[in-house]
Amino acid sequence: MRYGVYGAVAMTAEASERWISLGTESAASAADRWVFEHHENRIMTWTSSPDLLQRLIRKGHGFGVLPLFVGDSDLELARRDEAIAELDHPLFIGANDDDRKRPEVRIVLDRIANLLRAHQDLFAGGDAPAARRASAEAS
């Protein structure tokens with residue numbers, strides 16, 4: 001899984017100085033904490049909801065950190081730079097040892113693993129989003 005900094009495609013110069021962050025009480029991962037650990041003095045909006053974070057970024061209220069598969073898939077967002085390498089991490093599927101052997105649970109686990117495998121380029125921020133960003137910047 002990879003993460004990047006995103007802003008609205010039509011962001012104003014004023015908004016380009018602002019950041020949006022998940023609140024410290026709801027930040028469970030390094031990606032959730034990245035903005036307030038690196039740009040705390042420029043945070044203008046705090047939220048406890050990842051969904052609201054994306055909507056605020058999309059509306060041009062400032063920059064924020066999103067998973068690449070979320071930000072690169074949103075046509076109203078543009079990735080600011082390359083992925084933030086320090087936030088890269090593998091994805092794991094966790095299951096109770098007894099339950100994972102049940103046929104119906106095994107089917108679900110296998111399907112989730114196949115879905116993640118089939119879309120691994122999307123989670124890693126493949127080349128197609130970069131081409132879309134480049135064409136958006138040229139416009």
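The preceding data block contains the structure.
For the structure given in this document, a descriptive report is provided here. As the structure is a prediction and not an experimental result, all values here were calculated from the model.

Right, let's talk about a nonpolar patch on the surface for a bit. Together, I93, V108 and I112 make up an exposed nonpolar region whose accessible area comes to about 230 Å². Along the chain, I112 falls in helix α4 (residues 103–118). Take I112: its relative accessible area is 37%, and that puts it in the partly exposed class.

Glancing now at the pattern of salt bridges. Per the stated rule, a full pass over the model turns up 12 salt bridges. Between E37 and R33 there is a salt bridge, with the nearest N and O atoms lying 3.4 Å from each other. Taken as a pair, E37 and R33 lie in helix α1 (residues 30–38) at a separation of four residues, close to a single helical turn. Between D110 and R106 there is a salt bridge, with its nearest N and O atoms 3.1 Å apart. Here D110 and its partner R106 are both found in helix α4, four residues apart, which amounts to about one turn of the helix. Judged by its relative accessible area of 33%, R106 falls in the partly exposed class. Salt bridges here are not isolated pairs; linked through shared partners, they connect D97, R100 and K101.

Criteria and thresholds
- Residues numbered from 1 in each chain as written.
- Predicted model: local features only at pLDDT ≥ 70, side-chain atom pairs only at ≥ 80, totals over all residues.
- Heavy atoms only, no water.
- Patch = residues over 30% accessible without salt bridge, like charges linked within 9 Å, V, L, I, M, F, W, Y side chains within 5 Å.
- Areas by Shrake-Rupley, 256 points an atom, 1.4 Å probe, with all protein chains shown as cover.
- Salt bridge = Lys/Arg side-chain N within 4 Å of Asp/Glu carboxyl O.
- Helix = DSSP H or I, 4+ residues; strand = E, 2+ residues; numbered from the N terminus.
- Buried < 20%, exposed > 50% of the residue type's maximum accessible area, 1.4 Å probe, protein only.

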